[in-house]
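Structure assessment
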Amino acid sequence: MATVSLKKLTKRYGNIEIVHGIDLDITDREFIALVGPSGCGKSTTLRMIAGLEEISAGSIEIGGRVVNDLPPRSRNISMVFQSYALYPHMTVRENLGFSLKIAGAAKEDMDRRVAEASAILGLDTLLDRRPSQLSGGQRQRVAMGRAIVRDPDVFLFDEPLSNLDAKLRTQMRTEIKKLHAKVRSTVIYVTHDQVEAMTLADRIVIMRDGHIEQVGTPDEVFRRPATRFVAGFIGSPPMNLHEARVDDGQLVFASGEKLPLPHQFKANVTTGDKVVFGLRPDDIYPTGHGISSGDAADVHQIELPITVTEPLGNETLVFVEFNGSDWVSRMLNPRPLKSGERVAMSLDLSQAHLFAADTGKTLRS
Amino acid sequence: MDENSSARLKRRLLGIVYRIGLFLAMLTICLPGLWIVISSLRPTVEIMAKPPVWIPKEISFDAYVAMFSGIGKGGIPVIEYFRNSLIVSVTSTVIAVAIGMAGGYAFARYRFRSKSSVFLGLMLTRTVPGIALSLPLFFLYVRLGIIDTHFGLILAYVALNVPFTIWLIDGFFRQVPKDLAEAAQIDGCTRWQAFWQVEFPLAGPGIASAAIFAFLTCWNEFALASQLTRSVSAKTLPVGLLDYTAEFTIDWRGMCALAVVMIIPALTLTYIVQKHLVGGLTSGAVKG
């Protein structure tokens, strides 16, 4: 049973503040992903929770107990490092059993728990090898095994998959998800890869420059991004974002091109407002090659020239020129298109986003 | 002749050239040592002969027998010298390595004020030649009453070795990824346990080589020891070599024999420890 709650958590190095008093409540058995670009403070936050980094202000509670000044060993957590951090002078068995040995567990108990963990992760045949004799994926599994053996209240993962190749990463991602289904501990998972965060987490915390931008389920952060930053960060290919001016029920772009103001924002903006218009690649498609999620009346038709196409087999990414730059669109059931060709595009404005140009906050009420 | 066979021939020729080069290099390195061993086994006439006699005509162990036969029969107190050397070298090595580990670890892991100046200062002490310190040290030791004692020599040797051991051990601790100690702390270790359970074993080979360097420095040191010791109770083996010089003569054979006695323990120790000096022990710890 372990909730984790951060209250006004702050980290300063000298005069430089890295994490600016963040608040976060994590419920028991929840899988939380901290995601953001490098330098956003996500790893520092994780290390503060682990007790590897002192906190400058605020508090951290694990299971209702304030752990601010407790050393890592007294927090009942375990951590999987980006570098795996396996002990190279020990065998896999010794690596897995190390925490139990330090805790002074009985030999039989140790053997049993190591056997359990290695069974879960399929490490049975590797127990007598040393880390140097393992492949990347196997090392990764040992690192997770070492975390499981402790039976911790909270698992901390610090970019555990970033050293693996693309194929293995996808595979290990599934394994982590299965593992969480089996072990049901609270998990805090740091990554810079939004796909990992989306696929794994119950809730995602998007961080930027030491602040939390948004906390929400993968669906919420994807469909209802709270800020322009979140909108651009979550989703692949990223959302098309362009500055525009509101003028009498229309959005006027820098190039003079116009789009109707999406009706869901009509109440929140007035003529003269500077805004950022956002549309996901799924919501702009060559007419007849996409799915509109809203009312047919909200689908705006416009003819645009194609710059480049990227065929992916089941779909094609089509880059069209609008407002002087490329907008990426996703074309389902693709047909061959040529560069320079002008095609009829459908823009599903019911799915559009508007953000205030100055604050970057969503204008959705 | 086709391309392949000429390439093969070229490779073979190059291999032979490499081996000859290697042999010559090794010969240059080993010859003085070899010459000492040979000289300890042949009469003085042969040692001094011009042109040199390359192959000894007769071999005798007289010098070794004489060395141990006691004062008056050409012997010197070799057992005492050996004991002094051992006590001084081992003690100062242990102390220097202990300080070197603490210092090296601090330099490798912690940030503190004027770290680089302190480090530079330590290294600068190495630029002063030991012989330049011998006279000031001599006066200082006389005043303190620690001249001609094991303690005095140990103190000097520790001071001589500490900067070097700190520098070496710092490098070895830097090679141990920081993540490992952190992982150990999360696994339930205190800072202290994490050091002894994880970081120390991994830096072990490096610390062992630092220890060998320190030991050999002490074991072979002559300049300071010749000034700071004078009696049988404190003189070390290198200083003992001087026992073979008289006012008008030098017993080269005896001196070489004592040199061999000095070399053997150092060589044995190096041979034993070098097996443990395998690099790459940390491979597999973190990515790669």
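Residues numbered from 1 in each chain as written. Chains lettered and ligands numbered in written order. Predicted model: local features only at pLDDT ≥ 70, side-chain atom pairs only at ≥ 80, totals over all residues.

**A few points about the overall build of chain A**
Summing up its helical and strand segments, chain A has eight helices and 20 strands in all. Across its three principal directions, the C-alpha atoms of chain A cover 75 × 45 × 35 Å. Scored against the burial criterion, the 365 residues of chain A give a buried share of 45%. (Helix = DSSP H or I, 4+ residues; strand = E, 2+ residues; numbered from the N terminus. Buried ≥ 20, exposed ≤ 12 C-beta atoms within 10 Å, placed from the backbone.)

**Description of helix H12 (residues 252-274) of chain B**
Residues and elements named next belong to chain B. Over its 23 residues, H12 extends 32 Å from the first C-alpha to the last, a length consistent with the 33 Å expected when each residue adds 1.5 Å. When H12 is considered as a whole, its buried residues turn out to be Arg 253, Gly 254, Met 255, Cys 256, Ala 257, Leu 258 and Met 262. As for H12, its buried residues are in contact with helix H1 (3-39), helix H2 (44-48), helix H3 (62-67), helix H4 (78-109) and helix H11 (237-240). (Expected span 1.5 Å × (residues − 1). Contact = placed C-beta atoms within 7 Å.)

**Here's the deal with the pairing of strand S6 (residues 77-80) of chain A**
All names here are of chain A. Both faces of S6 are covered, namely the face carrying Ile 77 and Met 79 and the face carrying Ser 78 and Val 80. The pairing of S6 with strand S7 (residues 154-158) spans four bridges and is parallel. Looking at S7, one finds that Val 80 is bridged to Phe 157. (Pairing = 2+ DSSP bridges.)

**A word on the sheet that holds strand S18 (residues 325-332) of chain A**
All names here are of chain A. Pairing is antiparallel in the open sheet, where five strands are placed in the order S15-S19-S16-S17-S18. With partners counted over all chains shown, the strands left at the sheet margins are strand S15 (284-286) and S18, one partner each. Pairwise comparison of adjacent strand axes, ignoring direction, gives a mean angle of 50° for this sheet. (Axes fitted to C-alpha atoms, helices over the stretch in contact; angles between N-to-C directions.)

**Thoughts on the packing of H4 of chain B against helix H7 (residues 150-175) of chain B**
Residues and elements named next belong to chain B. Where H4 meets H7, the axes come as close as 6 Å, and the angle between the chain directions of the two elements is 35°. Judged by the sense of rotation from one axis to the other, the crossing of H4 with H7 is right-handed. Its residues assigned to classes, the contact of H4 with H7 shows 18 nonpolar, nine polar and three charged. (Left-handed = near helix turned anticlockwise from the far one by under 90°. Nonpolar A, V, L, I, M, F, W, Y, C, P; charged D, E, K, R; others polar.)

**Considering the packing of helix H3 (residues 107-121) of chain A against helix H4 (residues 136-149) of chain A**
A pair of packed helices is characterised by two quantities: the angle between their axes and the separation of those axes. All names here are of chain A. Two numbers describe how H3 lies on H4: the axes approach to 9 Å, and their chain directions differ by 135°. In this view, H3 runs oblique relative to H4, as classed from their interaxial angle. Classified by chirality, the crossing of H4 by H3 is right-handed. The residues of H4 that touch H3, namely those facing Arg 113, Val 114, Ala 117, Ser 118, Ile 120 and Leu 121, are Arg 141, Met 144, Gly 145, Ile 148 and Val 149. Each residue belonging to the contact of H3 with H4 can be placed in one class, and the counts come to seven nonpolar, two polar and two charged. (Parallel < 35°, antiparallel > 145°, perpendicular 65-115°, else oblique.)

**As for unusual backbone geometry**
All names here are of chain A. Here the amide bond leading from Ser 236 into Pro 237 is cis, since omega sits at -5°, within 30 degrees of zero. Of note, Ala 85 is a non-glycine position whose phi angle comes to about 50°, a positive value. Assessed through the 29 C-beta atoms surrounding it within 10 Å, Ala 85 is described here as buried.

**Quick notes on the interface of chain A and chain B**
In this complex, chain A contributes 25 residues to the contact, which on the side of chain B involves 22 residues. Among the secondary structure elements, those contributing two or more residues to the side of chain A that touches chain B are S6 and helix H2 (92-102) of chain A. Looking at the side of chain A that touches chain B residue by residue, the classes come out as 17 nonpolar, six polar and two charged.

**Thoughts on H7 of chain B**
Taking 1.5 Å of rise per residue, the 26 residues of H7 of chain B would be expected to cover 38 Å, and the 36 Å separating its terminal C-alpha atoms lies within 8% of that figure. The sharpest bend along H7 of chain B measures roughly 35° and falls at Asn 161 of chain B, with the proline Pro 163 of chain B sitting one to four residues further on. (Bend = angle between axes of the 7 residues up to and from the residue.)

**As for the domain arrangement of chain A**
Residues and elements named next belong to chain A. What the domain assignment lists for chain A is domain 1 (4-233) and domain 2 (240-356). With five residues of domain 1 at the contact, the number on the domain 2 side is five residues. Along the lines of polarity and charge, the residues of the side of domain 1 that touches domain 2 split into two nonpolar, two polar and one charged. (Domains from an automatic or database assignment.)

**Brief notes about the sheet that holds strand S8 (residues 186-191) of chain A**
All names here are of chain A. The six strands are arranged S6-S7-S8-S3-S9-S10 in an open sheet whose pairing can be described as mixed. Of all strands in the sheet, those with a lone pairing partner are S6 and strand S10 (211-216), marking the two edges. Between one strand axis and the next, the sheet turns through 20° on average, direction left out of account. Relative to the sheet, H4 contacts S6 and S7, its axis offset from that of S6 by approximately 180°.

**Considering the domain arrangement of chain B**
All names here are of chain B. Taken domain by domain, chain B consists of domain 1 (3-67) and domain 2 (78-274). On a C-alpha basis, the centroid separation for the pair domain 1 and domain 2 is 32 Å. Every contact between the two is made by ten residues of domain 1 and, on the other side, nine residues of domain 2. If you list the elements that add at least two residues to the side of domain 1 that touches domain 2, you get H1, H2 and H3.

**Regarding the nonpolar core**
General note: in soluble globular proteins, nonpolar side chains tend to be found buried as a group. Ranked by size, the top nonpolar core spans 157 residues in total, and within it Ile 32, Ala 33, Leu 156, Ile 188, Tyr 189 and Val 205 of chain A carry the most contacts. In terms of residues, this core owes the most to one element, H7 of chain B, which gives twelve residues. Those residues in contact with Val 205 of chain A that lie beyond four places of it in its chain are Leu 24, Ile 32, Ala 33, Leu 34, Val 35, Ile 212 and Val 215 of chain A. (Core = buried A, V, L, I, M, F, W, Y, C linked by C-beta atoms within 7 Å.)

**Considerations on the confidence of the model for chain B**
Interpretation of this model should avoid reading the predicted coordinates in detail wherever pLDDT is low. Residues and elements named next belong to chain B. Scored by pLDDT, chain B comes out at a mean of 87, with 94% of its residues at no less than 70. The low-confidence segment residues 279-285, where pLDDT is below 50, has 23 contacts with residues more than four positions distant or belonging to other chains. Across the interfaces of the predicted complex, the ipTM metric reaches 0.85, alongside a pTM of 0.82. (pLDDT = per-residue confidence, 0-100.)

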